[in-house]
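Below are the chains, spelled out letter by letter.
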Amino acid sequence: MQTNTGKAIIASFNIITLLAEISINTMNNRRNFIKKTLLIGAGLSLSPIPTMASNLDEKNIVKAPLFTPDLAQLRKLATVIVGELPQGLNIIRIADTTRPASVVVKGGDPKRKIKLERTAYQLEYTNGTIMLDSGMDEATHLHFGKGGNFYPDSYATLQQALKKANMIVLSHYHGDHVAGVVRSPYFDEIAHKVWTSTKTAELMINRPHKPTLKIAADKVNQFMISDFDTYQPIAPGIVAINTPGHSADSKMFYIRLQSGQEFIHSVDTGWAMENITRNSMKNASWIKEDEKQIMAQFAWLNRLMATEKDLIVLCAHDSGQYINLRKQGILGDIV
Ligand SMILES: [Zn+2]
């Protein structure tokens, strides 16, 4: 059943590409986004990612115009792929860490501590699942340093979820999001259903985030690699949004469930919701972000929170949100 769903998802990519092009052609073009919807699916010919040193530069890469996604377009694209919308959005926490507020949020009190969760999400459909990021293994967790806890049982559950997923979507190349795939004992079984962007694939090959994450180009080239400048519908109820800033390849996601519940998953745009609500950058010495892009993204997310009362902005590492949304049943446990 799941395999059939996976095939249906992949088979629908040709149609998606066409529909996305039509949709993007008709979108408000006030920012002169260049239409480019080259999609390379598993069943299509793959353009290998070059192995030579990448010219991608974390500091200079973000040349895109300040991106203000159009919610109306995202809503349309979320239903452009034929199929049932997801019935639930689930989450798993594999590790956590606690850092001074002054490191997490510029201007934060150094004496206050902020706990950050390391998570992966799962879209649950009636006949399959899509994983949204893949968490990380213990060796990668230890490379992050700064203490914290790693939960081996959760990691084992996560690996089973990756194994049975119809698709695994990677938001960006950072270790806490890709290591669950790169270091998976089931890599050869799951690689063909990993979806990511060209930039993420290039960075994974040429600039692995941690030494544990070195991966050969021929392995990454087993993924589905998609190239898009603005939005890309991935499956019913989920649209990737190209949002460089946190890293050169960062993406956010619009998600719509059968119930009508909408989410914007802002991934690592802020480490905590208070980055977003206070319009305040992260303040860690090892993080190099494009401040203009991040501030534009904060502005968009704050505007959404003010005007779209039923839409929930998710933040991959926010601890309070992880606890509260699970308590309210808005996020479930991964299956
Ligand atoms: Zn992260």
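Procedures and definitions
Numbering of residues starts from 1 in each chain and follows the order in which that chain's sequence is written. Per-residue local features are limited, in this predicted model, to residues with pLDDT of at least 70; the limit for side-chain atom pairs, both in listing and counting, is 80 or more; totals at the level of whole chains, interfaces and linings are taken over all residues. UniProt positions are given in the numbering used here, feature names are shortened, and annotations may be inferred rather than shown by experiment. Numbering goes from the N terminus for both helices and strands, where a helix is a DSSP run of H or I of at least four residues and a strand is a run of E of at least two. Partly exposed residues are those falling between the two cut-offs: more than 12 but fewer than 20 other C-beta atoms within 10 Å of their own, whereas 20 or more means buried and 12 or fewer means exposed, with C-beta atoms placed from the backbone. Summarising the geometry, the arc corresponds to the directions from the helix axis toward the C-beta atoms. Within a predicted model, pLDDT stands for the predictor's per-residue confidence, ranging from 0 to 100. Contact between two residues is assigned whenever their backbone-derived C-beta positions fall within 7 Å. Among buried residues, those of type Ala, Val, Leu, Ile, Met, Phe, Trp, Tyr and Cys that are joined through C-beta atoms within 7 Å form a set called a nonpolar core. Strands were regarded as paired on the criterion that DSSP finds at least two bridges between them. Here the axes come from fitting lines to C-alpha atoms, over the contacting stretch only for helices, and the angles between their N-to-C directions go from 0 to 180 degrees.

- Per an unreviewed UniProt entry, the chain goes by MBL fold metallo-hydrolase and derives from Shewanella pneumatophori.
- Recorded under Cofactor (unreviewed entry), the UniProt text for the chain is reproduced unchanged: "Zn(2+)".
- For the chain, the Sequence similarities (unreviewed entry) comment in UniProt is given as "Belongs to the metallo-beta-lactamase superfamily."

**Digging into the overall build of the chain**
Phase 1 of the analysis: The helix and strand inventory of the chain stands at 13 helices and 14 strands.
Phase 2 of the analysis: The buried share of the chain, taken over its 335 residues, is 47%.

**A few points about helix α3 (residues 71–78)**
Phase 1 of the analysis: Within the sequence span of α3, burial applies to L74, L77 and A78. Burial along α3 is one-sided: seen end-on, the buried residues are contained in an arc of 100°.

**Focus: unusual backbone geometry**
Phase 1 of the analysis: A positive phi angle, close to 75°, is found at D133, a residue other than glycine.
Phase 2 of the analysis: Along the chain, D133 turns up in the loop between β4 (128–132) and α5 (138–144).
Phase 3 of the analysis: For N279, which is not a glycine, the phi torsion comes out positive at approximately 50°.
Phase 4 of the analysis: By the secondary structure assignment, N279 is in the loop between α11 (273–277) and α12 (291–307).

**Considering the confidence of the model for the chain**
Phase 1 of the analysis: A residue-level look at the chain finds 81% of positions with pLDDT of 70 or above and a mean pLDDT of 86.
Phase 2 of the analysis: This model gives residues 1–48 a pLDDT under 50, and the stretch forms 69 contacts once residues within four places in sequence are excluded.
Phase 3 of the analysis: The low-confidence segment residues 50–61 (pLDDT under 50) makes 17 contacts with residues lying over four places distant or belonging to another chain.

**A few points about helix α7 (residues 175–182)**
Phase 1 of the analysis: With 8 of 8 residues buried, α7 is to be regarded as a mostly interior element.
Phase 2 of the analysis: Of all the positions in α7, only G175, D176, H177, V178, A179, G180, V181 and V182 are classed as buried.

**Examining the environment of D137**
Phase 1 of the analysis: Its location among the elements puts D137 in the loop between β4 and α5.
Phase 2 of the analysis: Filtering out sequence-adjacent residues up to four positions away, D137 remains in contact with Y155, A179, G180 and R183.

**As for the nonpolar core**
The nonpolar side chains of soluble globular proteins are, as a tendency, buried together.
Phase 1 of the analysis: Among the nonpolar cores identified, the biggest contains 77 residues, and I168 and V239 are the most heavily contacted of them.
Phase 2 of the analysis: Among all residues touching I168, those that are not within four sequence positions of it are M131, S134, L162, V181, I190, K193, V194 and W195.

**A few points about the pairing of strand β12 (residues 262–265)**
Phase 1 of the analysis: Sheet analysis places strand β11 (residues 251–256) next to β12, joined by 4 bridges and oriented antiparallel. For Y254, the partnering residue across the bridge sits in β12 and is I264.
Phase 2 of the analysis: The hairpin formed by β11 and β12 contains 5 residues between the paired strands, and G260 there has a positive phi angle of roughly 95°.
Phase 3 of the analysis: Relative to strand β13 (residues 311–314), β12 is paired through 4 bridges, and the arrangement is parallel.

**Remarks on the sheet that holds β11**
Phase 1 of the analysis: In spatial order, the strands read β9-β10-β11-β12-β13; together these 5 strands make up an open sheet with mixed pairing. Where the open sheet ends on each side, the last strands, each with one partner, are β9 (231–235) and β13. Direction aside, neighbouring strands of the sheet carry axes that sit 20° apart on average.
Phase 2 of the analysis: Pairing of strand β10 (residues 238–242) with β11 involves 5 bridges; the strand directions are antiparallel. Bridge pairing links I241 to M252 in β11.

**Some points on the pairing of β10**
Phase 1 of the analysis: Extensive coverage of β10 is indicated by the burial of 5 of its 5 residues.
Phase 2 of the analysis: Residues I238, A240 and N242 point to one face of β10 and V239 and I241 to the other, with burial holding for every one of them.
Phase 3 of the analysis: Two elements, β9 and β10, share 4 bridges in a ladder whose sense is antiparallel. If you follow A235 over to β10, its bridge partner there is I238.
Phase 4 of the analysis: The hairpin turn running from β9 into β10, its antiparallel successor, is 2 residues long, and G237 in that turn takes a positive phi close to 85°.

**Overview of the environment of L66**
Phase 1 of the analysis: Turning to its location among the elements, L66 is positioned in the loop between β1 (37–40) and α3.
Phase 2 of the analysis: Judged by C-beta crowding, with 15 C-beta atoms within 10 Å, L66 ranks as partly exposed.
Phase 3 of the analysis: Along the chain, L66 and G245 lie 179 residues apart, while their C-alpha atoms are 9.8 Å from each other.
Phase 4 of the analysis: Other than its neighbours up to four places away in sequence, L66 contacts K292, Q293 and A296.

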